[in-house]
Amino acid sequence: MPHRTESDLVIRRSEASDAPLVRSFMEERWGGEPLVINCKLYHPSTLPGFLVFHKDELIGCLIYELQEAEREIIVFEIVDRHQGIGSRLLRQFIVEAAKEGCRRVHLMTTNDNLDALRFYQRRGFTLCGIRLGASAAAREIKPSLIETGDYGIPVRDEILLEMVLQEGDVDNGAAACLC
Ligand SMILES: CC(C)(COP(=O)(O)OP(=O)(O)OC[C@H]1O[C@@H](n2cnc3c(N)ncnc32)[C@H](O)[C@@H]1OP(=O)(O)O)[C@@H](O)C(=O)NCCC(=O)NCCS
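The rules behind each value
Residues numbered from 1 in each chain as written. Predicted model: local features only at pLDDT ≥ 70, side-chain atom pairs only at ≥ 80, totals over all residues. Helix = DSSP H or I, 4+ residues; strand = E, 2+ residues; numbered from the N terminus. Rg over C-alpha atoms; globule rule 2.2 N^0.38 Å. Buried ≥ 20, exposed ≤ 12 C-beta atoms within 10 Å, placed from the backbone. Near = placed C-beta within 6 Å. Pairing = 2+ DSSP bridges. Contact = placed C-beta atoms within 7 Å. Axes fitted to C-alpha atoms, helices over the stretch in contact; angles between N-to-C directions. Core = buried A, V, L, I, M, F, W, Y, C linked by C-beta atoms within 7 Å. Expected span 1.5 Å × (residues − 1).

Visitor: For this particular structure, what's the right way to read the overall build of the protein chain?
Guide: Across its full length, the protein chain holds four helices and nine strands. Element order for the protein chain, N to C, with α for helix and β for strand: β-α-β-β-β-β-β-α-β-α-β-α-β. Compactness check: the protein chain gives a C-alpha radius of gyration of 16 Å against a globular reference of 16 Å for 179 residues, within 12% of the reference. The C-alpha extent of the protein chain, read off along each of the three principal axes, is 45 × 35 × 30 Å. Classification of the 179 residues of the protein chain by burial places 29% in the buried group.

Next comes the structure, spelled out in structure tokens:
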């Protein structure tokens, strides 16, 4: 795994012209668009987000959907993991969301994704729901979705996490809970 020097990383908001780049990233990493969450289809290349580049190479993204005063994370993916890049990207996303009046950030991950469950909970997210058996319904819409996930765990359920943001969270540094 190549080590990415922090000073060579650029995080910026995605633009409409990034759509082909995001689409090919989704092809490589997620089996292509659309994604299925709660039986709803999402096309990340058409949604707002933040992109991480290392020397012009796209190495990660956080794509979200705006839902009035809430934001749902649709894709959060870092190619070279465990180097602190995801924490940095998530912190930037949360701080900017709070500044822009967002009051809740939420997301879905599947029951096998123990690493993501750890990652989010260590950074201030809490569990807020579970859709038992939702993966079978998602597979009816997108048959290529895998049956067996991380650590050999059958992919069955959609687990929901949230972070509630209070007014002033940016000023009082509550986002600092994101280590
Ligand atoms: C979840 C994900 C986005 C996190 O991104 P990341 O860049 O790996 O995140 P970080 O490197 O900041 O943190 C991951 C872990 O590595 C550790 N870490 C950070 N820098 C490190 C370093 N230099 N050396 C060793 N470990 C390090 C962090 O402490 C963290 O561990 P923790 O969760 O126990 O606190 C990434 O793992 C990923 O793309 N996963 C696959 C897709 C996915 O599951 N997305 C989330 C579901 S929506």
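Visitor: I keep staring at the site of the ligand and nothing clicks. Help me out?
Guide: Taken together, 19 residues surround the ligand, and among them Ile-78, Arg-81, Gly-84, Gly-86 and Ser-87 come closest. Of all elements in the fold, only β6 (70–78), α2 (85–99), β7 (104–110) and α3 (114–122) reach the threshold of two or more residues within the shell around the ligand. For the shell around the ligand, the leading source of residues is α3, giving five residues.

Visitor: Whenever I open this one, the pairing of strand β9 (residues 158–164) confuses me. Can you help?
Guide: Successive residues of a regular strand alternate their side chains across the two faces of the sheet. Pairing analysis gives seven bridges linking β7 to β9, with the strands arranged antiparallel. The residue of β9 that forms the bridge with Val-105 is Met-163.

Visitor: What should I look at first to understand the environment of Leu-107 in this one?
Guide: Among the structural elements, Leu-107 can be located in strand β7. For the pair Leu-107 and Leu-41, spaced 66 residues apart in sequence, the C-alpha separation works out to 14 Å. Those residues in contact with Leu-107 that sit more than four places away from it in its chain are Glu-72, Ile-73 and Leu-161.

Visitor: How should unusual backbone geometry be read in this particular structure?
Guide: Excluding glycine, residues mostly have negative phi values, and the peptide bonds linking residues are mostly trans. Residue Pro-34 is reached from Glu-33 by a cis peptide bond, and omega for that bond is -5°. Residue placement: Pro-34 occurs in the loop between α1 (19–30) and β2 (35–37). With a phi angle near 50°, Asn-38 is a residue other than glycine that sits in the positive phi range. For Asn-38, the position within the fold is in the loop between β2 and β3 (40–42). The class for Asn-38 is exposed, based on 12 C-beta atoms found within 10 Å. One non-glycine residue, Cys-39, lies in the positive phi region at around 65°. Checked against the element boundaries, Cys-39 lands in the loop between β2 and β3. Cys-39 sits in the exposed class, given 12 other C-beta atoms within 10 Å.

Visitor: Mind showing me how you'd approach the sheet that holds strand β1 (residues 9–13) here?
Guide: Pairing between sheet strands relies on hydrogen bonds along the backbone, with the strands arranged either parallel or antiparallel. Strand order across the open sheet formed by seven strands is β1-β4-β5-β6-β7-β9-β8, with mixed pairing between neighbours. If you trace the sheet from one side to the other, it starts and ends with β1 and β8 (126–131), each paired once. Each adjacent strand pair in this sheet contributes to an overall mean axis angle of 25°, direction not counted.

Visitor: How should the nonpolar core be read in this particular structure?
Guide: Across soluble globular proteins, nonpolar side chains have a tendency to be buried as a group. Cys-61, Leu-62, Ile-73, Ile-94, Ala-97 and Val-105 are the most contacted members of the largest nonpolar core, which totals 32 residues. Those elements giving two or more residues to this core turn out to be α1, β4 (49–54), β5 (57–67), β6, α2, β7 and β9. If you tally residues by element for this core, the top one is α2, at seven residues. Other than its neighbours up to four places away in sequence, Leu-62 contacts Gly-49, Phe-50, Ile-73, Phe-76, Leu-89, Leu-90 and Phe-93.

Visitor: Sorry if this is basic, but what is going on with α2 here?
Guide: A rise of 1.5 Å per residue sets the reference length of α2, with its 15 residues, at 21 Å; its end C-alpha atoms lie 21 Å apart and thus fit the reference within 8%. For α2, every residue scored as buried is listed here: Ile-85, Gly-86, Leu-89, Leu-90, Phe-93, Ile-94, Ala-97 and Ala-98. After α2 finishes, the residue Gly-101 shows a positive phi value of roughly 90°.

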